[in-house]
Each structure stands twice: as structure tokens, then as C-alpha cells.
Amino acid sequence: MTRTDLHLPRGATANARYALDIGPESAGWTHSSLRVAELAPGGRHSFPTGDSEWIVLPLEGGCTVRIETASTEQCEFQLLGRDTVFASVSDFAYAPRDARVQIASGAGGRFALAGAKCERRLPARYGPAPEVPVEERGSGTCARRVRNFASADSFDCDRLIAVEVITPGGNWSSYPPHKHDEHRPGEESELEEIYYFEIDGPNGLGYQRVFPSREGGSDVLAEVRSGDAVLVPDGWHGPSIAQPGHAMYYLNVMAGPGATREWRICFHPDHAESTGGYR
């Protein structure tokens, strides 16, 4: 049966603790998670990491992140954050599995928690904003900026892969359509993916396409607005289209069962030679 429940409008997964809360159980998969915590000035939020690794990424505002492990070890990181996701790259904090995290914000803000179920327990770490690799990808109306803060080759995690993309108004990104839903060593990795969107300016919107790579595969064409998410358990995905005059931001969170943490994709054969894309 084709999955058409992949578009999650703003508020669809909200609860008393999170403005957005996507995990393996609700998504119907095994590894990837994304939460968004909104803190009032002076607010605090804490959570156990459980069997997942997590990155605390400011979307708006700064915070203090304290991480405590079962061995009573503690570390604390001051995240400067940013005014908005469109303003700049942000610093971030990595929290390992089997720990407890507390986020505190004097001025308040919104904070993404990108997670993935994992096996190894890596050390807690701080990710400085100046060390985030920023890539200008594509050209013309397919140009976009990719912030590889936790890509597979820029920051060490066990399973988690996460990047941010800024697409100028009127441009296409996540193009050509591509997929990563099969384990084919050296060619393609199996990764579940979450797209979380924000659109610059009032009444802005965008579009996201996911279409089947197999019989009964995922199929959706969604009009997306700030706070929306789209799940990609399988299938060709792209393009992501930004409304003219309104830049589009999306946070990609990926993880999968492969023994090696890597991002290997396969381009749709009908679009693989499209200009302005990944190559």
C-alpha cells in the first residue's frame, strides 16, 4: 500500500513538551528522530537520550546545554545560536546515548533535537559554527547553500547524519530527484530521512515531492510552510521548490541500519543529467 501520510503540517505532532515530535514509532521506521523544543525566556527543558544520540541545534536564540552521563560525568556547552535559521550557521552540541540533557535559555528560543538510534556511545562535544563546512551547490535556478554541520564526513556520530539547506526564492533544490533506500555497497546507502521546513517571510510556502522507487512506495506532493515536516522512508525525493521572493530552509535528519555511516545516493535515471543539480 502506498504511503501518503508523509506530510506532517505544523502542529500535527505537537504535544505538551514539543512543537514537533517525530520518532521511529510515530514515523513507522527504525532510526531517525526530530523534535523541536520551544522555550520561553528563562525556560528549561530536559530529556534522557535513551538508546539514541542527539544534536541540539538552535533554530532561534541561544542556550546552555548540560549533559550528564550515568557515570556522573558532566559537561556544559554555551551555544550562541542565531537570530533565525536564515541569518547564519549555528554552533551546536552533541549528546551521546545513555545520558541526560538539560537545555536552558535566558532569552528563550527554539531548538531542534536531531536524533538517531545507535550502538556506540561517543563523547559529548561542542560544534563551533566557524568549523561548519558550507557548500554552494548547484547553479542558476538550482543554486542553494548547504551547511554540512553533521554530514557523514564533517562531524563524527555513530548513525546520525544532519545538514541544513537554504534555497533562494524561486529556486529548486534536492534536485535531480534521488533516493537512498537500498543497501548497495559503494553505490547507495539505506537512510530514513526527515525534512523540516521554514520559509522566510509571512505567507511563504514551498513544495516537496516524494515519489515511488518501487511498487507501493512513498508518494506525496506537499505544499509546505514554516514548521511542516515531510518523511522520506523510501522513494525518489526532489525537487524542493521555494516560492519566488521567499527563501526556503530545511533541516535534513537521516539515519539507517548500515554498518557504515555514509550518504550514498542514486539519481533518478530520467533526471540524472539535469543541469544545475548535485554535480
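Under the annotation held in an unreviewed UniProt entry, the protein chain carries the name 5-deoxy-glucuronate isomerase and is attributed to Streptomyces sp. 900105245.

Asks: I'd like a rundown of the overall build of the protein chain, residues and numbers included.
Replies: Along its length, the protein chain carries one helix and 22 strands. Computed over C-alpha atoms, the radius of gyration of the protein chain comes to 18 Å, within 12% of the 19 Å expected from 2.2 N^0.38 for 279 residues, which places it in the range of a compact globule. Principal-axis analysis of the C-alpha atoms gives the protein chain an extent of 55 × 40 × 35 Å. Residues classed as buried in the protein chain amount to 55% of the 279 residues present. For the protein chain, contacts bridging at least 24 residues in sequence account for 74% of all contacts bridging at least 6. Entry remark: accessible area of the protein chain is about 11,900 Å², with carbon and sulfur atoms responsible for 49%.

Asks: Would you mind going over the packing of aromatic side chains in detail, with residue names and values included?
Replies: By the definition in use, this model includes 10 aromatic pairs. On the basis of an interplanar angle of 20° and a centroid distance of 5.9 Å, the ring pair of Tyr195 and Phe197 is categorised as stacked. Residue Tyr195 is classed as buried on the basis of its relative accessible area, which comes to 1%. The exposure class of Phe197 is buried, given its relative accessible area of 0%. Through successive ring pairs, a cluster of aromatic residues spans Phe92, Tyr94, Phe149 and Phe155.

Asks: I'd like a description of the pattern of salt bridges, backed by residues and values.
Replies: According to the stated counting rule, one finds 22 salt bridges in the structure shown. With its nearest N and O atoms 3.4 Å apart, the salt bridge here joins Glu60 to Arg110. Within this pair, whereas Glu60 is found in strand 5 (residues 52–69), its partner Arg110 is found in strand 9 (residues 109–117), the two being separated by 50 residues in sequence. The exposure class assigned to Glu60 is partly exposed, which follows from its relative accessible area of 36%. For Glu164, the salt bridge is made with Arg82, and the minimal N-O distance between the two is 2.5 Å. Here Glu164 is found in strand 13 (residues 161–167), whereas its partner Arg82 is found in strand 6 (residues 74–82), with 82 residues between them in sequence. Neither residue differs from the other here; Glu164 and Arg82 are each classed as buried. One salt-bridge network, in which partners are shared between bridges, spans Lys179, Asp181, Glu182, Arg184, Glu187, Glu188 and Arg214.

Asks: Provide a residue-level description of the nonpolar core, including the pertinent values.
Replies: Core analysis: the largest hydrophobic core is formed by 49 residues, its most contacted members being Leu34, Ile55, Phe149 and Leu251. Sort the elements by how many residues they give to this core and strand 21 (residues 248–255) lands first, with six residues. With sequence-adjacent residues up to four places away left out, Phe149 is seen in contact with Ile55, Leu57, Phe92, Val132, Ser154, Phe155, Ala162, Val163, Glu164 and Leu251. Counting 18 residues, the second-largest nonpolar core is a separate cluster that includes Val65, Ile67, Val101 and Leu113.

Asks: Please provide a residue-by-residue account of the sheet that holds strand 16 (residues 192–199), values included.
Replies: The seven strands lie next to each other as 1-19-16-21-13-12-11, forming an open sheet whose pairing is antiparallel. The open sheet has two free edges, formed respectively by strand 1 (7–8) and strand 11 (134–137), since each of these has just one partner strand. By the bridge criterion, seven bridges tie strand 13 to strand 21 in an arrangement that is antiparallel. Paired with Val165 across the two strands is Tyr250, which belongs to strand 21.

Asks: An account of the side chain of Asp158 is requested, with residue identities and associated values reported.
Replies: Note on placement: Asp158 falls in the loop between strand 12 (144–150) and strand 13. Judged by relative accessible area, which is 11%, Asp158 ranks as buried. Among the polar contacts made by the side chain of Asp158, one reaches the main-chain amide nitrogen of Glu119 at a distance of 2.8 Å.

Asks: Please provide a residue-by-residue account of the pairing of strand 9, values included.
Replies: A large share of strand 9 lies buried, amounting to eight of its nine residues. Where strand 3 (residues 32–39) lies against strand 9, eight bridges are found, and the strand directions are antiparallel. Looking at strand 9, one finds that Ala37 is bridged to Phe111. Taken together, the eight bridges between strand 5 and strand 9 define a ladder with antiparallel strand orientation. Pairing of Pro58 across the sheet is with Phe111, part of strand 9.

Asks: Explain the environment of Val146 residue by residue, including any values.
Replies: Its place among the elements puts Val146 in strand 12. Sequence separation between Val146 and Val165 is 19 residues; the distance between their C-alpha atoms is 4.5 Å. Excluding anything up to four places from it in sequence, Val146 contacts Pro133, Val134, Glu135, Arg137, Val163, Glu164 and Val165.

Thresholds, definitions, all that
- Residues numbered from 1 in each chain as written.
- Predicted model: local features only at pLDDT ≥ 70, side-chain atom pairs only at ≥ 80, totals over all residues.
- Heavy atoms only, no water.
- Helix = DSSP H or I, 4+ residues; strand = E, 2+ residues; numbered from the N terminus.
- Rg over C-alpha atoms; globule rule 2.2 N^0.38 Å.
- Buried < 20%, exposed > 50% of the residue type's maximum accessible area, 1.4 Å probe, protein only.
- Contact = heavy atoms within 4.5 Å.
- Areas by Shrake-Rupley, 256 points an atom, 1.4 Å probe, with all protein chains shown as cover.
- Phe/Tyr/Trp six-rings, centres within 6.5 Å; stacked < 30°, edge-to-face > 60°.
- Salt bridge = Lys/Arg side-chain N within 4 Å of Asp/Glu carboxyl O.
- Core = buried A, V, L, I, M, F, W, Y, C linked by side-chain atoms within 4.5 Å.
- Pairing = 2+ DSSP bridges.
- Polar contact = N/O pair within 3.5 Å; in protein donor to acceptor, adjacent residues only side chain to side chain.

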